[in-house]
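Chains, contacts and geometry: an overview
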Amino acid sequence: MPLNITSREKEPGVFVVSSEGSLDTNTYSILEKQVDSILEGSPKVVIFDMEYINYISSMGVRVILKARKVLENRGGNIVLLNLQPHIRKVFDIINALPSEQVFSSVEEMDQYLDRMQKKVIED
């Protein structure tokens, strides 16, 4: 499924990035390009409205975490909004993983995230 991205400045320094579709290895660069464009300015907050994201891989997570790192270095932050339960589970899992958890490849991590999302949908 393709990824559609829209963004707008909600108020000075606060941007809302809305996404629809699958945020994966094939589509992450669309989001990355949009976010990088926003980060070229001086945003204080980037809000990721993910209401219509139906899947996220490690590459999609990477774009969001990269934005968080850039903004935190500037005293800003990101906000995740309207996450579907299986997308929220991905972020919960990543935050809950012990720091020594290591994946040997992006593919291995994507397989793990895929299994976790499917399990949440089935439950």
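Everything below is about the structure printed above this text.
Note that the coordinates shown come from a computational prediction; the quantities given were computed from them, not determined experimentally.

The next subject is the overall build of the protein chain. Counting secondary structure elements, the protein chain contains 4 helices and 4 strands. Along the chain direction, N to C, the helices and strands of the protein chain fall in the order β-β-α-β-α-β-α-α. Sorting the 123 residues of the protein chain into buried and exposed places 38% on the buried side. At a minimum sequence separation of 6, the contacts of the protein chain that also span at least 24 residues come to 69%. Summed over its atoms, the accessible surface of the protein chain is roughly 7,300 Å², and 49% of this surface lies on carbon and sulfur atoms.

Take the packing of helix 1 (residues 28-39) against helix 2 (residues 58-73) next. At a closest axis distance of 9 Å, the pairing of helix 1 and helix 2 adopts a crossing angle of 10 degrees. One finds that helix 1 runs roughly parallel with respect to helix 2. Listed contacts from helix 2 to Y28, L31, E32, V35, D36 and L39 of helix 1 are M59, G60, R62, V63, K66, A67, V70 and L71. Within the contact of helix 1 with helix 2, the residues separate by chemical class into 9 nonpolar, 1 polar and 4 charged.

Let us look at helix 2. The end-to-end C-alpha separation of helix 2 is 22 Å, in line with the 22 Å expected for 16 residues at 1.5 Å each. Taken as a whole, helix 2 has its buried residues at S58, M59, G60, V61, V63, I64, A67 and L71. One or two steps after helix 2, the chain reaches G75, where phi turns positive at roughly 85 degrees.

About the thresholds
- Residues numbered from 1 in each chain as written.
- Predicted model: local features only at pLDDT ≥ 70, side-chain atom pairs only at ≥ 80, totals over all residues.
- Heavy atoms only, no water.
- Helix = DSSP H or I, 4+ residues; strand = E, 2+ residues; numbered from the N terminus.
- Buried < 20%, exposed > 50% of the residue type's maximum accessible area, 1.4 Å probe, protein only.
- Contact = heavy atoms within 4.5 Å.
- Areas by Shrake-Rupley, 256 points an atom, 1.4 Å probe, with all protein chains shown as cover.
- Axes fitted to C-alpha atoms, helices over the stretch in contact; angles between N-to-C directions.
- Parallel < 35°, antiparallel > 145°, perpendicular 65-115°, else oblique.
- Nonpolar A, V, L, I, M, F, W, Y, C, P; charged D, E, K, R; others polar.
- Expected span 1.5 Å × (residues − 1).

Any functional reading would require information that these geometric values do not contain.
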